[in-house]
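Architecture at a glance
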Amino acid sequence: MLYPFLIPDLPPAAEWMPRFEQAFSRRIFSNFGPLARELEGAIAERYALPGYAAISCCSATVGLAVVLLSLFKPGGRIALPNFTFAATYQAIRMANLVPVVVDIDPLTYELDVASLAATMKSTRIDGVMPVRPFGFVRDQTELVGFCRENDLRVVFDSAACLGGRTLPKFGSTFGEIEVFSLHATKSFGVGEGGVILCPTELEGDIRRRLNFGFHPDRTFDLGFNGKMDELHAAVGLSQMDRIDAIQGARAEHARRYDTFFGNDPDTQLPAAVNPGSGWTMYPVVFKNLDVALVAGRAAEFGIETRRYYWPSIVAGAREPVEQAVDLKTSDWVSQNVLCFPVYAGNAAHLVDGLFLAMEKLFPRRSAGF
Ligand SMILES: *Cc1c(COP(=O)(O)O)cnc(C)c1O
């Protein structure tokens, strides 16, 4: 495909190899070594409010599961949006908890607080795992306020969010937790990796559970091996120097989609979002066109697209999923959204050609509306 959906932009070996060499001289390759600690310090300083710690881990999925293990007893019931990536659901199941899906807002695609409140009228909910869909960073005061009032702990799946300098600092006095992915396909990519931002008082327990749940006397709680190794930490430290350039290029590419689709009444574009968001892809909801058809035609013009988050959780899980409310909005969005590629600087040379192909794909746009 001329315009692939994903073109990772990782730092070249020449940039991170000198950092990784330190691991050989120290003979420390994992277990929260000096490079992992340095990366955690840099991420906490850059992305979190004071009072929060950053903990490196091997993926967002494992990070989410470990945080849930630390916060909830087995059998706890966790609300999550029906419109999300499979990993949100899987992390809850891996932590011995019961996922309960709720509906989303039709414009932000985020968990709908009214749907959560309705769910709580008919079933017990012990915690909430909201998602920042597509890495979109928006104010969460309403949801966090609701959870504060109802004494519900909140763990955000913010997997695709790490981005540029206009991002607000994550965290609040409520103590919500945010989990990010450093997968190669995210803006802050290292290969495989993740970061947890949590209030400092939770740091010790979460870190322990990333290391088999071991206590100093070798007794153990439930845990994983979920640690980040020094090699990925070295790549992460180099990526830190490049993230503003990567994110800037991606945000600019996303703005071109905004302009391209303009105020086309047939499409729904991302609702207002902090421009520093991760921008790993650009989701377009087609109100009238069949998205499978659009995807097929896009491919004819060399544009690779993907359907996310499709199928929805209830439609995709090969096991029964608990729900207490109808899921109309998430079903509709999931059925009608198609994601277009968003490129970092290493693929910026493709962007003009991509938009020429877009004009062929949607000829009405080049003629204006
Ligand atoms: C990418 C992604 C994940 C998975 O992250 P990994 O680091 O690959 O485990 C989970 N949730 C969402 C919303 C994602 O976009």
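Residues numbered from 1 in each chain as written. Predicted model: local features only at pLDDT ≥ 70, side-chain atom pairs only at ≥ 80, totals over all residues. Heavy atoms only, no water.

**Thoughts on the site of the ligand**
Residues in close proximity to the ligand include Ser-59, Ala-60, Thr-61, Phe-85, Ala-87, Asp-157, Ala-159, Ser-181, Lys-186, Gly-193 and Tyr-309, which together make up its full environment. Between the ligand and Asp-157 there is a distance of 2.8 Å, counted from a nitrogen atom to a side-chain nitrogen or oxygen. In this structure, an oxygen atom belonging to the ligand sits 2.6 Å away from a side-chain N or O atom of Ser-181. Protein chains bury 90% of the 380 Å² of accessible surface belonging to the ligand in isolation. Tallied by class, the residues present in the shell around the ligand amount to 5 nonpolar, 4 polar and 2 charged. (Near = heavy atom within 4 Å. Polar contact = N/O pair within 3.5 Å; in protein donor to acceptor, adjacent residues only side chain to side chain. Areas by Shrake-Rupley, 256 points an atom, 1.4 Å probe, with all protein chains shown as cover. Nonpolar A, V, L, I, M, F, W, Y, C, P; charged D, E, K, R; others polar.)

**Here's the deal with the sheet that holds strand E7 (residues 194-199)**
Strand pairs in the sheet, formed through backbone hydrogen bonds, run parallel or antiparallel to each other. Pairing in this open sheet of 8 strands is mixed, and the strands run E1-E7-E6-E5-E4-E2-E3-E10 from one edge to the other. In the strand order of this sheet, the two ends are held by strand E1 (52-57) and strand E10 (322-323), each with one partner. Inspection of the sheet shows strand E5 (residues 153-157) paired to strand E6 (residues 177-181) by 3 bridges, in the parallel sense. Paired with Phe-156 across the bridge in E6 is Glu-178. Lying on the sheet, helix H5 (residues 113-122) is in contact with strand E2 (77-81), strand E3 (98-102) and strand E4 (127-128); it crosses E3 at an angle near 125°. (Pairing = 2+ DSSP bridges. Helix = DSSP H or I, 4+ residues; strand = E, 2+ residues; numbered from the N terminus. Contact = heavy atoms within 4.5 Å. Axes fitted to C-alpha atoms, helices over the stretch in contact; angles between N-to-C directions.)

**Remarks on the state of the cysteines**
Within the structure shown, the criterion is met by 0 disulfides. Looking at the unpaired Cys-58, the closest cysteine sulfur is the one in Cys-57, lying at 6.2 Å. Here Cys-58 falls in the partly exposed class, since its relative accessible area comes to 24%. Cysteine Cys-198 remains unbridged, with the sulfur of Cys-57 as its closest cysteine sulfur at 11 Å. (Disulfide = S-S within 2.5 Å. Buried < 20%, exposed > 50% of the residue type's maximum accessible area, 1.4 Å probe, protein only.)

**Description of the pattern of salt bridges**
Applying the stated criterion across every chain yields a total of 18 salt bridges. Lys-328 serves as the salt-bridge partner of Asp-326, at 3.7 Å between the closest nitrogen and oxygen. The partly exposed category is assigned to Asp-326, whose relative accessible area is 44%. (Salt bridge = Lys/Arg side-chain N within 4 Å of Asp/Glu carboxyl O.)

**Some details on the domain arrangement of the protein**
For interface size, the figure often reported is the accessible area lost on association. Looking at the protein, the domain boundaries give domain 1 (13-238) and domain 2 (243-362). Its C-alpha centre places domain 1 at a distance of 24 Å from the equivalent point of domain 2. With 47 residues of domain 1 at the contact, the number on the domain 2 side is 44 residues. Buried surface at the junction of domain 1 and domain 2, summed over both partners, amounts to about 3,500 Å²; 58% is from carbon and sulfur atoms. Looking only at domain 1, the three residues that lose the most surface to domain 2 are Asn-82, Phe-134 and Ser-187, adding up to 20% of its buried area. Put simply, domain 1 and domain 2 have 4 salt bridges between them. A salt bridge links Asp-244 to Arg-165; its shortest N-O distance comes to 3.7 Å. In this assembly, domain 1 and domain 2 are joined by 25 residue pairs in polar contact (both at pLDDT 80 or more). (Domains from an automatic or database assignment. Buried area = accessible area lost by both parts, 1.4 Å probe.)

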